[in-house]
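Working through the structure, step by step
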Amino acid sequence: MALTRKQLRAVAVAASLVCVGSLTAWWLHCGRTGALCGDPSDCRAGACVYGVCVAPEDTPANDYLYSARWHDDSARMRRLILRGLRLRSGMRVADIGAGQGVVTQAALDRVGPSGHVYATDIDPRAVAGLRALAQRCGATCKLTPVAVHAPRDTGLGDVPDGSLDRVCMINSLSFQRIFGRAADRTYLATLRAKLKPEGELWVHVDVLEPWERGAASMAALLREAGYGYVAQVPMPADIPAAVPVIRVGGWQGTLRRGFVLVARPSAGRS
Ligand SMILES: C[S@@+](CC[C@H](N)C(=O)[O-])C[C@H]1O[C@@H](n2cnc3c(N)ncnc32)[C@H](O)[C@@H]1O
């Protein structure tokens, strides 16, 4: 029987609750395929994979997600995007969901003291880190950290319309359909208004969760939001697009690589 991820988790949670306080129940339920685990010794046989006991015959096809290869591929993706952004001295850039500021720092290095980078984040801890970064670089760079207060608030209200050369959204916002299409469209249209006509929005999602929009759906949303040009940037061919990471019973969990999209307000290619 094929179980959905939700069903699997419900079964595992129920089994682990039974485990508490009952030795017989432990023998009956715990450590079986599908039970929650934190360590291989929690499972009677097979392995503990991503927190779930799997049978020996279900051991995952590979451990890509925990490998150095995964790390390298993710770093390569970031380098590919930074090259694609073609940042130059004096450019004005917004890094949406800047996190620890890795891309922000790279952007600051490229746009120089005559450029300007706005780095937004919804997590106050990230904003504190971005403020520290702004203090460290002082007069040698123009960095404006922005605290975002709601998931569909761009935080760029003070940025003049038509003034940005690039907006990048790298593994930050995920368009999961939970805020509704209208809110997502309005959010992306607000970013479009901030861009120069030939400016570019780069969107990268590294791992595509099952509930997130894929490239085609996201591209359609961008067009609805008024972007005249939307294109998918090919991922390097040797980065696997889909990796089977866990198998429990008949259910197969597959990690799907996300996408890179570039969108411009104007219709023409540059
Ligand atoms: C995985 S990190 C990626 C950080 C960075 N872009 C990078 O590539 O290293 C995701 C960041 O997006 C932020 N984030 C999530 N939703 C957001 C939103 N609606 N607006 C702004 N930031 C958001 C999170 O707080 C987190 O710092």
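Residues numbered from 1 in each chain as written. Predicted model: local features only at pLDDT ≥ 70, side-chain atom pairs only at ≥ 80, totals over all residues.

Looking only at helices and strands, the protein chain features seven helices and 10 strands. Evaluated residue by residue, the protein chain yields a buried proportion of 34% over its 270 residues. Sequence separation of at least 24 residues holds for 66% of the intrachain contacts in the protein chain that already meet a minimum separation of 6. (Helix = DSSP H or I, 4+ residues; strand = E, 2+ residues; numbered from the N terminus. Buried ≥ 20, exposed ≤ 12 C-beta atoms within 10 Å, placed from the backbone. Contact = placed C-beta atoms within 7 Å.)

A separate point is the environment of M169. Mapping M169 onto the fold places it in strand β6 (residues 164-170). Classification of M169 as buried rests on a count of 23 C-beta atoms within 10 Å. Once the C-alpha coordinates of M169 and L201 are considered, the two residues, 32 residues apart in sequence, prove to be 7.6 Å apart. Once you skip the residues sitting within four places of it in the chain, M169 turns out to touch I96, G97 and V203.

Our focus in this paragraph is the packing of helix α6 (residues 181-194) against helix α7 (residues 215-224). Their axes nearest at 8 Å, the elements α6 and α7 cross at an angle of 65°. In this structure, α6 meets α7 at a crossing whose hand is right-handed. Within the contact between the two elements, α6 uses D184, R185 and L188 and α7 uses L221, L222 and E224. Considered class by class, the residues forming the contact of α6 with α7 number three nonpolar, no polar and three charged. (Axes fitted to C-alpha atoms, helices over the stretch in contact; angles between N-to-C directions. Left-handed = near helix turned anticlockwise from the far one by under 90°. Nonpolar A, V, L, I, M, F, W, Y, C, P; charged D, E, K, R; others polar.)

The immediate surroundings of the ligand are formed by 17 residues, with G97, G99, D123, I170 and S172 found nearest. Of all the secondary-structure elements, those providing two or more residues to the shell around the ligand are α4 (102-111) and β4 (116-121). (Near = placed C-beta within 6 Å.)

As for its position among the elements, I246 is in strand β9 (residues 242-248). Using a count of 22 C-beta atoms within 10 Å as the deciding quantity, one classes I246 as buried. Expressed as a C-alpha distance, the spacing of I246 and V49, which sit 197 residues apart in the sequence, is 7.0 Å.

All right, on to unusual backbone geometry then. In terms of backbone geometry, most residues other than glycine have negative phi values and most peptide bonds are trans. Although it is not a glycine, R86 sits at a positive phi angle of roughly 50°. Tracing the chain through its elements places R86 in the loop between α3 (68-85) and β3 (92-96). For R86, a count of 12 C-beta atoms within 10 Å gives the class exposed. Residue N171 is not a glycine yet carries a positive backbone phi of 50°.

Right, let's talk about the confidence of the model for the protein chain for a bit. Mean pLDDT for the protein chain: 86, with 86% of residues reaching 70 or above. With pLDDT under 50 throughout, residues 15-28 is counted as low confidence; its partners more than four residues away or in other chains account for 11 contacts. (pLDDT = per-residue confidence, 0-100.)

In this model, helix α5 (residues 124-137) (14 residues) spans 20 Å end to end at C-alpha, consistent with the 20 Å of a helix rising 1.5 Å per residue. What α5 keeps buried is the set A126, L130 and L133. Summarising the axial view, the buried residues of α5 lie within an arc of 55°, below the 170-degree limit, and thus occupy one face. Structural note: α5 exposes P124, R125, A132 and Q135 on the side pointing more than 90 degrees away from its buried face. The secondary structure elements touched by the buried residues of α5 are α4, β4 and β5 (143-147). In the stretch just after α5, G138 is the one whose phi turns positive, near 50°. (Expected span 1.5 Å × (residues − 1). Arc of directions from axis to C-beta.)

The next point concerns the pairing of strand β10 (residues 251-264). Inspection of the sheet shows strand β7 (residues 195-208) paired to β10 by seven bridges, in the antiparallel sense. Each residue of the ladder has a partner; that of L201, found in β10, is A263. Of the strand pairs in this sheet, strand β8 (residues 229-232) and β10 are connected by four bridges, and their pairing is antiparallel. Opposite Q232, over in β10, you have L261 as the bridge partner. As defined by bridge partners, β9 adjoins β10 across six bridges and the pair is classed as antiparallel. Across the sheet, residue R247 finds its bridge partner in β10, namely Q252. (Pairing = 2+ DSSP bridges.)

Right, let's get into α7. Buried within α7 we find M218, L221 and L222. Projected down its long axis, α7 shows its buried positions confined to an angular sector of 100°, all on one face. Contacts from the buried residues of α7 go to α6, β7, β8 and β10. Downstream of α7 by one or two residues, G226 has phi in the positive range, about 100°.

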